[in-house]
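# Examination of the molecular architecture
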Amino acid sequence: MAQAGCADRATNRHATREICNLQWFDLNFDRGLIHVRNTKNGKDRTIPMNATVRQLLETQKVLRVRKAQENAEKGKSKVPSPFVFPSPRTEERLVEIKYTFVRAVKQAKITDLRFHDLRHTAATRMGDAGADAFTLAAIFGWSDIRMAMRYTHAMEDAKRRAVEAIAVGAIRATRENAATQISRDRSVTNEKRRALGSP
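An account of the accompanying structure is given in this report. Along each chain, numbering runs from 1 in the same order as the chain's sequence is written. Local features in this predicted model are restricted to residues whose pLDDT is 70 or higher, and side-chain atom pairs enter the listing and the counts only when it is 80 or higher, whereas totals over whole chains, interfaces and linings include all residues. Neither water nor hydrogens contribute to the side-chain values; these are computed over all heavy atoms in the structure.

## Remarks on the overall build of the chain
Counting from the N terminus, the helices are the DSSP runs of H or I reaching at least four residues and the strands are the DSSP runs of E reaching at least two. From N to C terminus, the chain includes seven helices and three strands. Starting at the N terminus and ending at the C terminus, the chain contains elements arranged as α-β-β-β-α-α-α-α-α-α. Across the 199 residues that make up the chain, the buried fraction comes to 27%. Within the chain, contacts between residues at least 6 apart in sequence are counted, and of these 42% link residues at least 24 apart. Accessible area is worked out with a 1.4 Å probe on protein chains only. A residue is then buried under 20% of its type maximum, exposed over 50%, and partly exposed in between. Contacts are assigned to residue pairs that have any heavy atoms within 4.5 Å of one another.

What follows is the structure in structure tokens.
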């Protein structure tokens, strides 16, 4: 249990670092892609933006320009921060998001939610929507495909199909048996009629 907690904390640190390191040149709005650098496993990866993420980042871009204008009016640097989510005080790289996240969770009146739960929820929903293990591993940066397998339902679906196949086979056999029995009954009836000389 303690090891799982440590692993979650380590993953939180890596996820936080990826968010804090994100710079504007990592975003390709034309192609709808986010380039994630300096990852946990040392390999860069590309993540597609969905409509919600794109809207959030475009809003952040507008806020960035507005902040640079406010700074210029105050006699500070006119150059906007290169970071997508800079520190509100220094405009430099944000170091930690834990306190902001905790505050947001409290304001939303959500209990028992950790930052890492967001990652689990995203992976689960993608798996529920039919994403395969390789796609999930590419998006979340897992080098071991077994991590992604926890969120896919391919094995469960295969089991379900196997069990359903038995039911379908049983129904088919029952129908075939019923059809055979009806055919036999008709044959017997026809023979009786012929024997009795009935039309």
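## Considerations on the packing of aromatic side chains
Here a Phe, Tyr or Trp ring, Trp counted by its six-membered ring, pairs with any other such ring whose centre lies within 6.5 Å, and the pair is stacked when the planes are under 30 degrees apart, edge-to-face when over 60, and tilted otherwise. The final tally for this structure, using the stated rule, is three aromatic pairs. Ring geometry for Phe-140 and Trp-142: centres 4.9 Å apart, planes at 15°, overall stacked. Between Trp-142 and Tyr-151, the aromatic rings sit 5.5 Å apart at their centres with planes inclined by 5°, giving stacked as the arrangement. Judged on exposure class, the residue Trp-142 and its partner Tyr-151 are both buried.

## Observations concerning the nonpolar core
One broad rule of soluble globular proteins: the nonpolar side chains tend to lie buried together. Counting 20 residues, the largest nonpolar core has Leu-27, Ile-34, Leu-57, Leu-136 and Trp-142 as the members making the most contacts within it. For this core, the secondary-structure elements that each account for two or more residues are strand 2 (33-36) and helix 5 (133-140). Here this core gets five residues from one element, more than from any other, and that element is helix 5. Every residue in contact with Leu-57, bar those within four places of it in the chain, is listed here: Trp-24, Leu-27, Phe-29, Ile-34, Met-49, Val-84 and Phe-85. Nonpolar cores are built from buried Ala, Val, Leu, Ile, Met, Phe, Trp, Tyr and Cys residues. Side-chain atoms within 4.5 Å join them into one set. Counting seven residues, the second-largest nonpolar core is a separate cluster that includes Cys-20, Leu-94, Ile-97 and Phe-115.

## A short note on the pattern of salt bridges
Think of a salt bridge as a Lys or Arg side-chain nitrogen and an Asp or Glu carboxyl oxygen that are within 4 Å of each other. Per the stated rule, a full pass over the model turns up five salt bridges. Across the pair Asp-117 and Arg-114 runs a salt bridge whose closest N-O atoms are separated by 2.7 Å. The shortest N-O distance in the salt bridge between Arg-146 and Asp-144 comes to 2.8 Å. Exposure remark for Arg-146: the relative accessible area of 61% places this residue in the exposed category. In this structure Asp-144 comes out as partly exposed when scored by relative accessible area, which is 30%.

## Quick look at helix 2 (residues 51-73)
Here helix 2 is 23 residues long and its end C-alpha atoms lie 33 Å apart, about the 33 Å a rise of 1.5 Å per residue gives. Taken together, the buried positions of helix 2 are Leu-57, Gln-60, Ala-68 and Asn-71. On its buried face, helix 2 sits against strand 1 (27-28) and strand 2. Two to three positions downstream of the cap, the backbone nitrogen of Thr-52 sits 3.1 Å from a side-chain oxygen, assigning the N-cap of helix 2 to Asn-50. A helix's residues, less one, multiplied by 1.5 Å, set its expected span. Under the rule applied, a polar contact is a pair of N or O atoms within 3.5 Å (in protein, one hydrogen donor and one hydrogen acceptor; residues adjacent in sequence only if both atoms are side-chain atoms).

## Describing the sheet that holds strand 3 (residues 45-48)
The strand order across the open sheet formed by three strands is 1-2-3, and the pairing between neighbours is antiparallel. Here the strands that pair on one side only, and so sit at the sheet edges, are strand 1 and strand 3. Examined bridge by bridge, strand 2 and strand 3 share four bridges and lie antiparallel to one another. Counterpart to Ile-34 in the pairing with strand 3 is Ile-47. Pairs of strands are assigned from DSSP output, requiring at least two bridges between the strands.

## Here's the deal with the side chain of Glu-91
Along the polypeptide, Glu-91 turns up in the loop between helix 2 and helix 3 (98-107). Nearest to the buried, unbridged Glu-91 among oppositely charged side chains is Lys-67, at 4.3 Å. Filtering out sequence-adjacent residues up to four positions away, Glu-91 remains in contact with Lys-67, Asn-71, Ser-81 and Pro-86. In this tally Asp and Glu are treated as negative and Lys and Arg as positive; neither His nor the chain ends contributes.

## Focus on unusual backbone geometry
In this structure, Lys-109 takes a positive phi of about 60° despite not being glycine. For Lys-109, the position within the fold is in the loop between helix 3 and helix 4 (115-128). On the accessibility criterion, Lys-109 (74% relative accessible area) is exposed. A positive phi angle, near 55°, is found at Asp-112, a position not held by glycine. With respect to the helices and strands, the residue Asp-112 is situated in the loop between helix 3 and helix 4. Accessibility expressed as a relative area gives 75% for Asp-112, which makes it exposed.

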